[in-house]
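Chain by chain, the residues run as shown.
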Amino acid sequence: MKYEDKIVDRQVGRNGDLFAASIGEMPTKEERYPYLRILVSIVEQAHPEWNQAPTKDEQIALKIFHMSHGAIDKDECSEIVRIRDDERGYTPVDRDK
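Right, let's walk through the structure included here. Every value quoted in this text rests on a predicted model; they were computed, and no experiment measured them.

1. Some points on the packing of helix 3 (residues 56–67) against helix 4 (residues 74–88)
The packing of two helices is summarised by the inter-axis angle and the distance between the axes.
Okay, so step 1: The contact between helix 3 and helix 4 brings their axes to 8 Å, and the two run at 135°. Taken as axis vectors, helix 3 and helix 4 run oblique relative to one another. Helix 3 and helix 4 meet at a crossing whose hand is right-handed. Residues Lys 56, Asp 57, Ile 60, Ala 61, Leu 62, Ile 64 and Phe 65 of helix 3 form the contact with helix 4, whose own contacting residues are Lys 74, Cys 77, Ser 78, Val 81, Arg 82, Asp 85 and Arg 88.

2. Focus on the packing of aromatic side chains
Any two aromatic rings considered together are summarised by their centre-to-centre distance and by the angle between their planes.
Okay, so step 1: Tallied over the entire structure, the rule returns one aromatic pair.
Okay, so step 2: Over the aromatic face of Phe 65 sits the side chain of Lys 74, whose NZ or CZ is 4.9 Å from the ring centroid.

3. A short note on the nonpolar core
Okay, so step 1: Leu 36, Leu 39, Val 40, Val 43, Ile 60 and Ile 64 are the most contacted members of the largest nonpolar core, which has 17 residues in total.
Okay, so step 2: For this core, the element with the highest residue contribution is helix 2 (residues 29–46), accounting for five residues.
Okay, so step 3: Sequence-distant contacts of Val 40, that is, excluding residues within four places in its chain, are made with Ile 60, Ile 64, Cys 77, Ile 80, Val 81 and Arg 84.

Criteria and thresholds
Once a new chain begins, its residue numbering starts again from 1 and follows that chain's sequence as written. Owing to the predicted nature of the model, reporting of local features is limited to residues with pLDDT of at least 70; listing and counting of side-chain atom pairs is limited to 80 or more, with chain, interface and lining totals taken over all residues. Excluded from the side-chain calculation are hydrogens and water; included are all heavy atoms of the structure. Orientation is described by axes fitted as lines to C-alpha atoms, over the contacting stretch for helices, and by angles from 0 to 180 degrees between their N-to-C directions. Per the convention used, a helix needs a DSSP run of H or I reaching at least four residues, while a strand needs a run of E reaching at least two, with both numbered from the N terminus. Roughly parallel here means an angle under 35 degrees, roughly antiparallel means over 145, roughly perpendicular means 65 to 115, and every remaining angle is called oblique. Helix crossings get a hand from a simple test, with the near helix turned counterclockwise from the far one by less than a right angle marking a left-handed crossing and a clockwise turn marking a right-handed one. Here, two residues are considered to be in contact whenever any of their heavy atoms come within 4.5 Å of each other. Any two of the Phe, Tyr and Trp rings considered here, Trp counted by its six-membered ring, make a pair once their centres fall within 6.5 Å; the pair's planes then place it as stacked at under 30 degrees, edge-to-face at over 60, or tilted in between. Two thresholds decide whether a charge sits over a ring: the Lys NZ or Arg CZ must be within 6 Å of the ring centre and within 35 degrees of the ring normal. In this description, a nonpolar core means a group of buried Ala, Val, Leu, Ile, Met, Phe, Trp, Tyr and Cys residues linked to one another through side-chain atoms lying within 4.5 Å. A simple rule labels every residue: compare its accessible area, found with a 1.4 Å probe on the protein chains alone, to the largest value its type can have, and call it buried under 20%, exposed over 50%, or partly exposed in between.

Printed below as a string of structure tokens:
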């Protein structure tokens, strides 16, 4: 990512974009996992209004997909969001997955 590029999300910031881009360069899913959990946490803190949304996992995954310029798979990221929510005991009723 170049500094001339626009920031995808001002609440997350340029460092979040750079972090997402560097995570996207990692070759394996196992390598990306701990860093994606951190990035998901950063996005959740930047957007607390999404915490009760039934499509929270899809929203965060799409945001991270755009922040990484398509390098991070949306399904991989949404799975991590669901895992984090399940660990905290929060599972929306509308979630069919």
